[in-house]
Amino acid sequence: VQLQAYGGGSVQAGGSLRLSCAASERTFSSYVMGWFRQPPGKEREFVAAITWGGRSTTYAESVKGRFSISRENAKITVYLQMNSLKPEDTAVYYCAAQEQKLRVGVRQYDYKYWGQGTLVTVSS
C-alpha cells in the first residue's frame, strides 16, 4: 500500500503549482483523501481533504479560496491545485488516506496511510 506524492518545486509568490498523489491500489478510490503540510520548524497541519466520490471538500482557513483539491478515481490520483501562493505556504506537503468514505478528518491520526512528502518553496 503506497501513496506517491509529486509536483513540488520552487515558485515565486503569486504563482501556482499542482501537486499529485498517486495510490498503488484501487481500494484507495473508496477512501477520504487529504493533504497536510509541515512548514520548516513547525508541526504538520491539515490543508485539505475530499470524500471518496469527490462531492465534498474541506479546507483549512489559511488556504480557502486559493487551493483546490480534486480526485480522479479512475487514475486513483488526488490533486492539490495551489494558486496565489504565499511565502508562508512553504512546506513539505504530504498526501494521506483515511479508511472512510464520507467522514472527513482534519487531524493526522484520522489518516492511516501516508505518502512521502514533496517540498514546495515559495519565494517573495
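Being a predicted model, the structure only gives us computed values, none of them experimental.

It is worth spelling out the nonpolar core at this point. Soluble globular proteins: nonpolar side chains tend toward being buried together. Counting 37 residues, the largest nonpolar core has L3, M33, W35, L80, M82 and Y93 as its most contacted members. Counting residues per element, the ones that place at least two in this core are strand 1 (3-6), strand 3 (17-23), strand 4 (32-38), strand 5 (45-50), strand 7 (67-72), strand 8 (77-82), strand 9 (91-98) and strand 11 (118-123). Once residues lying within four places of it in the same chain are set aside, the contact partners of M33 are L3, C21, F28, A48, A49, I50, I69, R71, V78, A96, A97 and Y111.

A large share of strand 5 lies buried, amounting to 5 of its 6 residues. The sheet contact formed by strand 4 and strand 5 spans 5 bridges and is antiparallel. Pairing of F36 across the sheet is with F46, part of strand 5. The antiparallel pairing of strand 4 with strand 5 creates a hairpin that spans 6 residues between the two strands, and G41 there sits at a positive phi of about 75°.

Overall, the coordinates contain 1 disulfide when judged by the stated rule. Put simply, C21 and C95 are joined by a disulfide, and their sulfur atoms are 2.1 Å apart. An S-S torsion of about 60° defines the bridge between C21 and C95 as right-handed. Of this pair, C21 sits in strand 3 while C95 sits in strand 9, and the two are 74 residues apart along the sequence. Residue C21 shares its accessibility class with C95, and that shared class is buried.

With that settled, the discussion passes to the side chain of R66. With respect to the helices and strands, R66 occurs in the loop between strand 6 (57-59) and strand 7. Separated by 3.0 Å, the side chain of R66 and the backbone oxygen of S84 make a polar contact. Looking at R66, its side chain comes within polar contact range of the side chain of D89, at 2.7 Å. What R66 contacts, discounting residues up to four positions off in sequence, is Q81, M82, N83, S84, L85, K86 and D89.

The rules behind these values
Residues numbered from 1 in each chain as written. Predicted model: local features only at pLDDT ≥ 70, side-chain atom pairs only at ≥ 80, totals over all residues. Heavy atoms only, no water. Core = buried A, V, L, I, M, F, W, Y, C linked by side-chain atoms within 4.5 Å. Buried < 20%, exposed > 50% of the residue type's maximum accessible area, 1.4 Å probe, protein only. Helix = DSSP H or I, 4+ residues; strand = E, 2+ residues; numbered from the N terminus. Contact = heavy atoms within 4.5 Å. Pairing = 2+ DSSP bridges. Disulfide = S-S within 2.5 Å. Polar contact = N/O pair within 3.5 Å; in protein donor to acceptor, adjacent residues only side chain to side chain.

Nothing here speaks to function; it is all geometry.
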